[in-house]
Amino acid sequence: MIEIRRMRAEDAGMMREVFLKHGIRRDEDYYARCWREDEAGARITLLAFRDGEYAGSLHLLARSDYPYFAENGIPEINDFNVIPPMRRQGIGDALLDAVEKIALEKYGIVGIGVGLTASYGQAQRLYARRGYIPDGRGVVYKGRPVPFGEQVPVDHDLNLFFTKTAERL
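Being a predicted model, the structure only gives us computed values, none of them experimental.

Draft legend 1. Up close: the overall build of the protein. When you go through the protein residue by residue, the secondary structure sums to five helices and nine strands. Counted from the first residue to the last, the protein has its helices and strands arranged as β-α-α-β-β-α-β-α-β-α-β-β-β-β. The C-alpha radius of gyration of the protein comes to 16 Å, within 12% of the 15 Å expected for a compact globule of 169 residues. Each of the three principal axes of the protein carries a C-alpha extent, and together these read 50 × 35 × 30 Å. Across the 169 residues that make up the protein, the buried fraction comes to 44%. Side chains of the protein carry 24 positive and 25 negative charges; the gap between the two charge centres is 3 Å.

Below, the structure written as structure tokens:
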């Protein structure tokens, strides 16, 4: 059974511990900051549990760091992680179902960014299967569109951004 719920203050330490165990590293204050921002309304943090065991999480940022989304009031799904041994069990879909319901009811649109390397291949396929389409602005490096002919590193900061509207449910 998969349960999806909002983050609670006491979840911060557990999230940090589980992510560290699986090699997912964040700043020391990251999880506490997520809780504070959730409480302040700047983000919604959803957690997934499979048979009572923490399985992953994602965030819905009310104001994206990606300039196009921020300028157009498009909330962004951010830091979407399913713990590696829990993958391919429907947890990612359950998290996306829950966050899309919230975002599409409130905003009518939701955005997400994905890296371009093969390590993001599962996510790329998942978003396409769920009806996300590229926002048409091309590849972005560290939040800035990459002009034709410019060279940038192929790393975690090279992304393509997608949107989904209520019509594409």
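Draft legend 2. View of the packing of aromatic side chains. A full pass over the atoms with the stated rule returns eleven aromatic pairs. With centroids separated by 5.1 Å and ring planes inclined at 85°, the aromatic side chains of Tyr 30 and Tyr 31 adopt a geometry described as edge-to-face. We classify Tyr 31 as buried; its relative accessible area is 4%. Through a chain of ring-to-ring contacts, the aromatic side chains of Phe 19, Tyr 30, Tyr 31, Phe 49 and Tyr 54 assemble into a single cluster. One residue, Arg 26, lies across the ring of Tyr 30, its end atom 5.9 Å from the ring centre. The ring of Tyr 68 is capped by Arg 137, whose NZ or CZ atom sits 3.5 Å from the centre of that ring.

Draft legend 3. Structural detail: the nonpolar core. Formed by 38 residues in total, the largest nonpolar core has its most connected members in Ile 77, Leu 96 and Tyr 127. In contact with Ile 77, other than residues within four places in its own chain, are Leu 58, His 59, Leu 60, Leu 96, Val 99, Val 110, Gly 111, Ile 112 and Tyr 132. Of all hydrophobic cores here, the second largest spans five residues; its members include Tyr 66, Phe 69, Ile 74 and Phe 161.

Draft legend 4. Just the confidence of the model for the protein, in detail. Of all residues in the protein, 99% have pLDDT values of 70 or greater, and the mean over the chain is 91. Confidence scores differ between elements of the protein, with helix 1 (residues 11-21) showing the lowest mean pLDDT of 83 and strand 7 (residues 140-141) the highest of 96.

Draft legend 5. Structural detail: the side chain of Asp 79. If you trace the backbone, Asp 79 turns up in strand 4 (residues 76-82). You can call Asp 79 buried: its relative accessible area is 19%. Polar contacts involving the side chain of Asp 79 include one to the side chain of Tyr 30, which spans 2.4 Å. Once you skip the residues sitting within four places of it in the chain, Asp 79 turns out to touch Arg 26, Tyr 30, Ser 57, Leu 58 and His 59.

Draft legend 6. Quick peek at the pattern of salt bridges. Following the criterion strictly, the structure yields twelve salt bridges and no others. Arg 130 is the salt-bridge partner of Glu 100, the closest N and O atoms lying 2.8 Å from each other. Here Arg 130 lies in the loop between helix 5 (121-129) and strand 6 (133-134) and Glu 100 lies in helix 4 (residues 91-106), a separation of 30 residues in the sequence. Of the charged contacts, one joins Glu 100 and Lys 164 as a salt bridge, the two residues approaching to 3.1 Å between their closest N and O atoms. Of this pair, Glu 100 sits in helix 4 while Lys 164 sits in strand 9 (residues 158-165); the two residues are 64 residues apart in sequence, bridging distant segments of the chain. What emerges from the salt-bridge pattern is a single network uniting Asp 93, Asp 97, Glu 100, Arg 130 and Lys 164.

Draft legend 7. Seen up close, unusual backbone geometry. In this model, Asp 51 sits at a positive phi of 50°, which is unusual for a non-glycine residue. The residue Asp 51 is located in the loop between strand 2 (43-50) and strand 3 (53-61) in this model. Assessed through its relative accessible area of 61%, Asp 51 is described here as exposed. We note that Lys 142 has phi near 50°; this positive angle belongs to a residue other than glycine.

Basis of the calculations
What you see as residue numbers is a count from 1 along each chain, following the sequence as written. Totals for whole chains, interfaces and linings use every residue, but because this is a predicted model, local features are given only for residues with pLDDT of at least 70 and side-chain atom pairs only at 80 or more, for both listing and counting. Only hydrogens and water are removed before side-chain values are computed, so all heavy atoms of the structure are retained for them. Every helix listed is a DSSP run of H or I at least four residues long, and every strand listed is a run of E at least two residues long, numbered separately from the N terminus. For this measure, only C-alpha atoms enter the radius of gyration; the expected value for a globule follows 2.2 Å times N^0.38, where N is the number of residues. Accessibility here uses a 1.4 Å probe with only protein chains present; expressed as a share of the type maximum, an area under 20% marks a residue as buried, one over 50% as exposed, and anything in between as partly exposed. Neither His nor the chain ends contribute to the count of charged residues, in which Lys and Arg are positive and Asp and Glu negative. Where a charge sits is defined by one atom per residue type, namely NZ (Lys), CZ (Arg), CG (Asp) or CD (Glu). Aromatic pairing here means that ring centres of Phe, Tyr or Trp (its six-membered ring) are within 6.5 Å. Orientation follows from the plane angle: under 30 degrees is stacked, over 60 is edge-to-face, and everything else is tilted. As a reminder, the over-ring test applies to NZ of lysine and CZ of arginine, requiring each to be within 6 Å of the ring centre and within 35 degrees of the ring normal. Among buried residues, the Ala, Val, Leu, Ile, Met, Phe, Trp, Tyr and Cys ones that are joined through side-chain atoms within 4.5 Å form a nonpolar core. What makes two residues a contact is simply this: any of their non-hydrogen atoms within 4.5 Å. Think of pLDDT as the predictor's per-residue confidence, scored from 0 to 100. Each polar contact in these results corresponds to two N or O atoms within 3.5 Å; when the atoms are within protein, one needs to be able to donate a hydrogen and the other to accept it, and residues that are neighboring in sequence are counted only if both atoms are side-chain atoms. Between Lys or Arg on one side and Asp or Glu on the other, a salt bridge is scored when a side-chain nitrogen of the former is within 4 Å of a carboxyl oxygen of the latter.

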